[in-house]
Amino acid sequence: MYVELGSAEQKREWLPRFARGEITPAFALTEPGAGSDAGGLTTSATRQENGDWLIKGQKILISNAGTDISNGLIVMAVTSSREAKRKEISCFIVRRDTPGYTLGQSFEKMAWHGMDNRELVFDDVLVPDSARLGPIGRGLSQALATLTMARVGFAILGVALTRACLEESLSYAKTRKQFGRPIADFQLIQAKLADMATGLESARGLAHKAIWTLEQKMDANMIASMAKLAGSRVASRSAKDALQIHGGLGFSTEARVNRLFREAQVLEIGDGTTEIQQLIIARALGCLSSTNLHAKDTMHAG
Ligand SMILES: Cc1cc2nc3c(=O)[nH]c(=O)nc-3n(C[C@H](O)[C@H](O)[C@H](O)COP(=O)(O)OP(=O)(O)OC[C@H]3O[C@@H](n4cnc5c(N)ncnc54)[C@H](O)[C@@H]3O)c2cc1C
């Protein structure tokens, strides 16, 4: 978002430090009452007489805002008045040390332990207008548009995870013997492996097409959702089958397939759930009636 929306000054200030790995940004859209319906957010930014903005609200589940090197948080906030007919959402950069910005408890998760996820509280956080990222009122649409890339990233994660499931399962099935034969000889095991290999190739093909579409600077909205939907679903199913192929050993938290099973679950949730990807694809197919324009504008893609 810094690259797409940042002013020359914002890029000069933040991008070199991100690129050197000195600091890491985070992206705060989700709130306790606004997940898939990202437009339902209530965190507000109110313009002050001198042009500054006063941010008030709460975010949850935000990745990597609370590490030792986190800084340059991007916050989505409502900038229209309560009486306004149309809700305006804008993006702001909040520095780690800004008074009133506090970090809540880190969430205990079933997987993705390398990532910090927590609640963020904004209690009258004052930022200058130069901290606004992009035009007033265009924050949500711009954020959702740039998140197309993140969906392709999730698609690739799904492909990688499925490949790991296939490799682990194939090697185990060829060596584990029951009834005097490797379990890979049994057709019910073979069916699982064949489904995994087929799912892997189809998800990889879709991910490649989505990457190509992005590289051509064409509209990648639908193909990115298709790639994310396919990649995350095939990863979930393959991880479950991989665990099953490993029998009782797969149930042990020490087994690699057990970790893959846990890691796979978030792929169908983060960056827009499976159901939201289906809705985005259906919308691109022309299924959305004009009476449901709210959903068209605010479906979470991040
Ligand atoms: C590990 C992790 C990291 C995250 N990192 C970030 C981050 O950095 N920044 C950030 O802003 N957010 C982040 N999130 C939040 C994530 O984007 C949301 O969890 C996700 O968008 C879903 O929102 P929700 O959890 O509120 O679920 P809800 O929106 O409450 O959905 C609950 C269920 O209802 C379904 N549902 C909702 N609406 C519809 C509908 N219209 N039709 C059919 N089904 C529907 C959903 O698909 C889901 O199955 C993260 C989440 C996780 C788990």
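Residues numbered from 1 in each chain as written. Predicted model: local features only at pLDDT ≥ 70, side-chain atom pairs only at ≥ 80, totals over all residues. Heavy atoms only, no water.

## Quick look at the packing of aromatic side chains
Here's step 1: According to the stated counting rule, one finds seven aromatic pairs in the structure shown.
Here's step 2: Judged by centre distance (4.9 Å) and plane angle (70°), the rings of Tyr 2 and Phe 18 are edge-to-face. A residue pair is termed long-range when its members are at least 10 positions apart, and Tyr 2 in helix α1 (residues 2-5) and Phe 18 in helix α2 (residues 8-19) qualify at 16 residues. Residues Tyr 2 and Phe 18 agree in their burial class; the two are buried. (Phe/Tyr/Trp six-rings, centres within 6.5 Å; stacked < 30°, edge-to-face > 60°. Helix = DSSP H or I, 4+ residues; strand = E, 2+ residues; numbered from the N terminus. Buried < 20%, exposed > 50% of the residue type's maximum accessible area, 1.4 Å probe, protein only.)

## Concerning the site of the ligand
Here's step 1: If you check the shell around the ligand, you find 16 residues, and the closest are Phe 27, Thr 30, Ser 36, Thr 273 and Glu 275.
Here's step 2: Between the ligand and Thr 30, the relevant distance is 2.6 Å, taken from a nitrogen atom to a side-chain nitrogen or oxygen of the residue.
Here's step 3: Within the side chain of Ser 36, a nitrogen or oxygen atom sits 2.6 Å from an oxygen atom of the ligand.
Here's step 4: Burial of the ligand by the surrounding chains reaches 63%, relative to a free accessible area of 970 Å².
Here's step 5: Secondary structure elements with two or more residues in the shell around the ligand: β3 (53-63) and α9 (274-284).
Here's step 6: When residues in the shell around the ligand are grouped by element, the largest group, three residues, is from β3.
Here's step 7: For the shell around the ligand, the per-class residue count stands at seven nonpolar, eight polar and one charged.
Here's step 8: When residues of the shell around the ligand are sorted by domain, at least three fall in each of domain 1 (2-137) and domain 2 (147-298). (Near = heavy atom within 4 Å. Polar contact = N/O pair within 3.5 Å; in protein donor to acceptor, adjacent residues only side chain to side chain. Areas by Shrake-Rupley, 256 points an atom, 1.4 Å probe, with all protein chains shown as cover. Nonpolar A, V, L, I, M, F, W, Y, C, P; charged D, E, K, R; others polar. Domains from an automatic or database assignment.)

## Let's talk about helix α5 (residues 187-215)
Here's step 1: For α5, built from 29 residues, the straight-helix expectation of 42 Å at 1.5 Å per residue is met to within 8% by its first-to-last C-alpha distance of 42 Å.
Here's step 2: Every buried residue belonging to α5 is among Ile 189, Leu 193, Met 196, Gly 199, Leu 200, Ala 203, Ala 207, Ala 210 and Thr 213, and all of these are buried.
Here's step 3: Against the buried residues of α5 lie α4 (148-175) and α6 (221-245).
Here's step 4: Note on α5: the residue one or two positions beyond its end, Lys 217, has a positive phi of about 60°. (Expected span 1.5 Å × (residues − 1). Contact = heavy atoms within 4.5 Å.)

## Observations regarding the domain arrangement of the protein chain
The parts lose accessible area when they come together, and the size of an interface is often stated as this lost area.
Here's step 1: When the domains of the protein chain are assigned, the result is domain 1 (2-137) and domain 2 (147-298).
Here's step 2: Here the C-alpha centre of domain 2 lies 30 Å away from the C-alpha centre of domain 1.
Here's step 3: Facing ten residues of domain 1, the contacting portion of domain 2 comprises 13 residues.
Here's step 4: Summed over both sides, the interface of domain 1 with domain 2 buries roughly 880 Å², with 63% coming from carbon and sulfur.
Here's step 5: On the domain 1 side of the interface with domain 2, the three residues burying the most area are Ser 36, Met 110 and Trp 112, jointly 59% of the side's total.
Here's step 6: On the surface where domain 1 and domain 2 come into contact, there are two residue pairs in polar contact (both at pLDDT 80 or more). (Buried area = accessible area lost by both parts, 1.4 Å probe.)

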